[in-house]
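# What the coordinates show
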Amino acid sequence: MQIATHRTTQPKTMPDAGALGFGKHFADHMFLMDHSPESGWHSPRIAPHKPFLLDPANLTLHYGQSIFEGLKAFTRPDGSVYIFRLLDHMDRFVRSAERLGMPLFHPSDVAEAIEALVDIDRTWVPKQRGTALYIRPTLIAADNVLGVRPADHYLMYVICSPVGSYYSKGTAPTRIYVEETYSRASLGGLGEAKTAANYAASLLAAEESKAKGFDQVLWLDAKEHRFVEEVGTMNIFFVIDDILITPPLDGTILDGITRRTVIDLARQWHLHFQERPVTMDEVVEASRAGTLQEVFGSGTAATISPVGELNYKGEALVINERPNSIRQRMYDTITGIQYGEVPDTHNWLTRVEPHATTTNGNGHDYAPPEANEVGMMREKA
Ligand code: COI
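Calculation notes
Residues numbered from 1 in each chain as written. Predicted model: local features only at pLDDT ≥ 70, side-chain atom pairs only at ≥ 80, totals over all residues. Heavy atoms only, no water. Helix = DSSP H or I, 4+ residues; strand = E, 2+ residues; numbered from the N terminus. Buried < 20%, exposed > 50% of the residue type's maximum accessible area, 1.4 Å probe, protein only. Contact = heavy atoms within 4.5 Å. Pairing = 2+ DSSP bridges. Phe/Tyr/Trp six-rings, centres within 6.5 Å; stacked < 30°, edge-to-face > 60°. Domains from an automatic or database assignment. Buried area = accessible area lost by both parts, 1.4 Å probe. Salt bridge = Lys/Arg side-chain N within 4 Å of Asp/Glu carboxyl O. Expected span 1.5 Å × (residues − 1). Patch = residues over 30% accessible without salt bridge, like charges linked within 9 Å, V, L, I, M, F, W, Y side chains within 5 Å. Areas by Shrake-Rupley, 256 points an atom, 1.4 Å probe, with all protein chains shown as cover. pLDDT = per-residue confidence, 0-100.

This brings us to the environment of K12. With respect to the element layout, K12 can be found in the loop between β1 (4–5) and β2 (29–36). We classify K12 as partly exposed; its relative accessible area is 41%. Not counting residues within four places of it along the chain, the set of residues in contact with K12 comprises F26, A27, D28 and W124.

As structure tokens, this is what we get:
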């Protein structure tokens, strides 16, 4: 793919690691690409990160036809940069596009664009352990129309944000409220797609649980509110009686890439592992019997995050994680691979090579439009 490149003339300064937080600061550049029925995907380009001009009738704003991904790049002490499970994220991006009735694309094309973008913004990959460059590919409808239908035109873009911990309290155990009133997703719905609607469905419950002093919500199945599904921004794992257990993917749960990583490692280590339905009754029983040894969440943003308490029907199920926990071993191994301290025997890392696209004047430069006008690029292309 020939990616036209327009570098910023006003580079910003990255904040100190301690001030990063999550998703608050943005790297200098972004990737953009348009889709039209006549030309398919076209005009791939890297440009300075800047606001869009959106028509108030933009279809995404009204009907939520939008999807996204979240993946991370890490710097090693020698300055080399690696992206974790890039193609797995791209495969899921395509599956989300399919579920939302959006045009498909080659995962490797977008992977290539992300490598070019991260290469240009490699100084934005923070160096401290516990930090990363969070990469947010996004695909939105670009039609300005109020009829309810999939759009004809689309904009794909990728932005990057240097991040620290997702939770303000870092890797300290979280307190989770088990949600029995609201539902996140139901069978046949959008649950496994990485789409804005799933997060919109979660916001009120998350706010109400925060007001009660909790960090996140644990979602149960929408029909009976008995079966465990996932936490707001993470998949969930239990260790009960030395068995690592996670609920199966039934279309309502996000097919987390970190979830998959935990399962891959559990199999590699020959842990006693089960992917099967888990009821809250079973979790309560295990807690009362003293066999609920660990609960942890997995996610790109949250990495591997210990759960210290599940609050269910007013009862606090407190989890006192044991030393040498599976959770700690998972965290150490996954972050060790990401930062290049543990061998990457699964080939999960993509090294971001310095490419010719990183310099202006390489023959691919283009005159940038005045603004990133969604739904207008097709006229300008
Ligand atoms: C991620 O872990 O990448 C997520 O997408 C969770 C959230 C920040 C939306």
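Take the pairing of strand β16 (residues 292–299) next. Counting buried residues along β16, eight of its eight residues qualify, which places the element largely inside the surrounding structure. Of the strand pairs in this sheet, β16 and strand β17 (residues 303–312) are connected by four bridges, and their pairing is antiparallel. Bridge pairing in β17 places G297 opposite S305.

Tallied over the entire structure, the rule returns eleven aromatic pairs. Here F22 and Y166 contribute two aromatic rings whose centre-to-centre distance is 4.8 Å and whose plane-to-plane angle is 75 degrees, an arrangement assigned as edge-to-face. Here F22, found in the loop between β1 and β2, pairs with Y166, found in the loop between β9 (154–163) and β10 (174–178); they are 144 residues apart in sequence, far enough to count as distant. On the basis of relative accessible area, Y166 is assigned to the partly exposed category, the value being 30%.

Segmentation of the protein chain into domains returns domain 1 (4–168 + 346–374) and domain 2 (174–320). Inter-centroid distance (C-alpha atoms) of domain 1 to domain 2 is 29 Å. Contact residues are listed per partner, giving 23 residues for domain 1 and 26 residues for domain 2. Between domain 1 and domain 2, roughly 2000 Å² of surface is buried when both sides are summed, and carbon and sulfur atoms account for 57% of that area. Ranking the residues of domain 1 by area buried against domain 2 places F68, R92 and Y167 at the top, with a combined share of 32%. The interface formed by domain 1 and domain 2 contains three salt bridges. With a shortest N-O distance of 3.2 Å, D264 and R85 are connected by a salt bridge.

Another aspect to go through is helix α3 (residues 107–120). Its 14 residues give α3 an end-to-end C-alpha distance of 20 Å, which sits within 8% of 20 Å, the value for a rise of 1.5 Å per residue. When you tally the buried positions in α3, you get ten out of 14 residues, the bulk of the element.

A cluster of nonpolar side chains, namely Y63, L146 and V148, defines an oily patch on the protein surface of about 330 Å² accessible area. Its location among the elements puts V148 in the loop between β8 (132–141) and β9. For V148, a relative accessible area of 69% gives the class exposed.

Quick look at the confidence of the model for the protein chain now. For the protein chain, per-residue confidence averages 93 on the pLDDT scale, and residues scoring 70 or more make up 93% of the total. Contacts from residues 376–381, a stretch scored under 50 in pLDDT, to residues over four places away or in other chains number ten contacts.

Here S66 lies in strand β5 (residues 66–68). We classify S66 as buried; its relative accessible area is 11%. Among all residues touching S66, those that are not within four sequence positions of it are T60, L100, M102, L139, I140, T195 and A196.

Evaluated as defined, the whole model comprises 22 salt bridges. Its salt-bridge partner being D255, residue R95 comes within 3.5 Å of it at the nearest N-O pair. Residue R95 is found in helix α2 (residues 86–99), and its partner D255 is found in the loop between β14 (243–246) and α6 (257–268); the two are separated by 160 residues along the sequence. Accessibility expressed as a relative area gives 38% for R95, which makes it partly exposed. Because the salt bridges share partners, they merge into one network encompassing R85, D88, R95, D255, R260 and D264.

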